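This is what each chain is made of:
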Amino acid sequence: QKEVEQDPGPLSVPEGAIVSLNCTYSNSAFQYFMWYRQYSRKGPELLMYTYSSGNKEDGRFTAQVDKSSKYISLFIRDSQPSDSATYLCAMSQINDMRFGAGTRLTVKP
Amino acid sequence: GAVVSQHPSWVICKSGTSVKIECRSLDFQATTMFWYRQFPKQSLMLMATSNEGSKATYEQGVEKDKFLINHASLTLSTLTVTSAHPEDSSFYICSASGSLNTEAFFGQGTRLTVV
């Protein structure tokens with residue numbers, strides 16, 4: 001079993017849709033949870049960062065962490081074509097960071 | 001967020017030569033740096049983790065004699081691909097995290113093409 005599972009997609013939605021991206025993980029020691037966005041041929045950029053369980057909202061983006069279920073989510077409201085990218089989840093503890101495979105998202109105008 | 005600068009952004013080299021990629025944290029002290037490679041349409045693959053002043057820890061299957069990692073200071077880590085071959089052509093990305101080792105910030109990536 002991989003430490004982090006993420007559906008690679010691809011996921012295609014119409015502009016304005018709500019997007020839900022998810023990851024599951026197996027290592028209960030992870031404490032920090034992140035979502036990165038990667039445009040083609042670029043390095044990933046940090047979108048959201050959460051410590052432990054709970055929700056965090058930043059504009060159109062909401063990150064949720066459920067440590068009891070080992071499940072994290074990223075929601076994108078009112079999706080835009082500019083949101084088209086690959087989204088990677090990541091989680092870490094001291095000296096250990098793991099990434100999901102990334103979900104390729106396309107938002108069609 | 002914090003800035004991590006990676007250089008060069010792209011490089012073409014001849015088979016058999018060595019290539020050095022630099023990763024610098026510009027506005028924070030990077031206690032830990034991670035090196036990844038990424039093939040087209042695939043996820044990041046962690047190659048090694050390095051802590052400042054220590055030898056890097058390589059992931060299983062990554063040849064440490066081929067991919068030399070040096071993390072001599074809190075702001076600079078280098079990856080040297082030695083005796084590069086066409087199959088080493090890939091996108092290499094570094095990331096850096098501070099002393100709490102929570103979130104990491106990525107460099108822009110280096111596209112290596114070995115001809």
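Residues numbered from 1 in each chain as written. Chains lettered and ligands numbered in written order. Predicted model: local features only at pLDDT ≥ 70, side-chain atom pairs only at ≥ 80, totals over all residues. Heavy atoms only, no water.

The next subject is the overall build of chain B. A count of helices and strands for chain B gives 0 helices and 11 strands. Reading the secondary structure of chain B in the N-to-C direction produces β-β-β-β-β-β-β-β-β-β-β. Relative to a compact globule of 115 residues, whose C-alpha radius of gyration would be 13 Å, chain B shows 13 Å and is just as compact. Expressed along its principal axes, the backbone C-alpha trace of chain B runs to roughly 40 × 25 × 25 Å. Counting across all 115 residues of chain B, residues that qualify as buried make up 50%. In chain B, the share of contacts with a sequence separation of at least 24, taken over all contacts with a separation of at least 6, comes to 55%. Carbon together with sulfur atoms contributes 52% to the accessible area of chain B, which is approximately 5600 Å² in total. If you average the places of the 9 positive and of the 9 negative side-chain charges in chain B, the two averages end up 7 Å apart. (Helix = DSSP H or I, 4+ residues; strand = E, 2+ residues; numbered from the N terminus. Rg over C-alpha atoms; globule rule 2.2 N^0.38 Å. Buried < 20%, exposed > 50% of the residue type's maximum accessible area, 1.4 Å probe, protein only. Contact = heavy atoms within 4.5 Å. Areas by Shrake-Rupley, 256 points an atom, 1.4 Å probe, with all protein chains shown as cover. Lys, Arg positive; Asp, Glu negative; His and termini not counted. Charge placed at Lys NZ, Arg CZ, Asp CG, Glu CD.)

One widely used convention gives an interface's size as the accessible area the parts lose upon coming together. Counting residues at the interface gives 23 residues for chain A and 22 residues for chain B. At the boundary of chain A with chain B, total buried surface from both sides reaches about 1700 Å², with 54% on carbon and sulfur atoms. Joining chain A to chain B, the criterion identifies 1 salt bridge. Of all the secondary structure elements, the ones that give two or more residues to the side of chain A that touches chain B are strand 4 (32-38), strand 5 (45-51), strand 9 (85-93) and strand 10 (96-99) of chain A. Here the side of chain A that touches chain B is built from residues that sort into 11 nonpolar, 7 polar and 5 charged. (Buried area = accessible area lost by both parts, 1.4 Å probe. Salt bridge = Lys/Arg side-chain N within 4 Å of Asp/Glu carboxyl O. Nonpolar A, V, L, I, M, F, W, Y, C, P; charged D, E, K, R; others polar.)

Let's shift gears to the nonpolar core. Judged by nonpolar contacts, the single largest core of 25 residues is most densely connected at B:Val4, B:Trp35, B:Phe67, B:Leu79, B:Tyr92 and B:Leu112. Counting residues per element, the ones that place at least two in this core are strand 2 (10-13), strand 3 (19-25), strand 4 (32-38), strand 5 (45-51), strand 7 (67-73), strand 8 (76-81), strand 9 (90-97) and strand 11 (110-114) of chain B. Core analysis: the next-biggest nonpolar cluster, separate from the first, contains 23 residues, A:Val19, A:Cys23, A:Phe61 and A:Leu74 among them. (Core = buried A, V, L, I, M, F, W, Y, C linked by side-chain atoms within 4.5 Å.)

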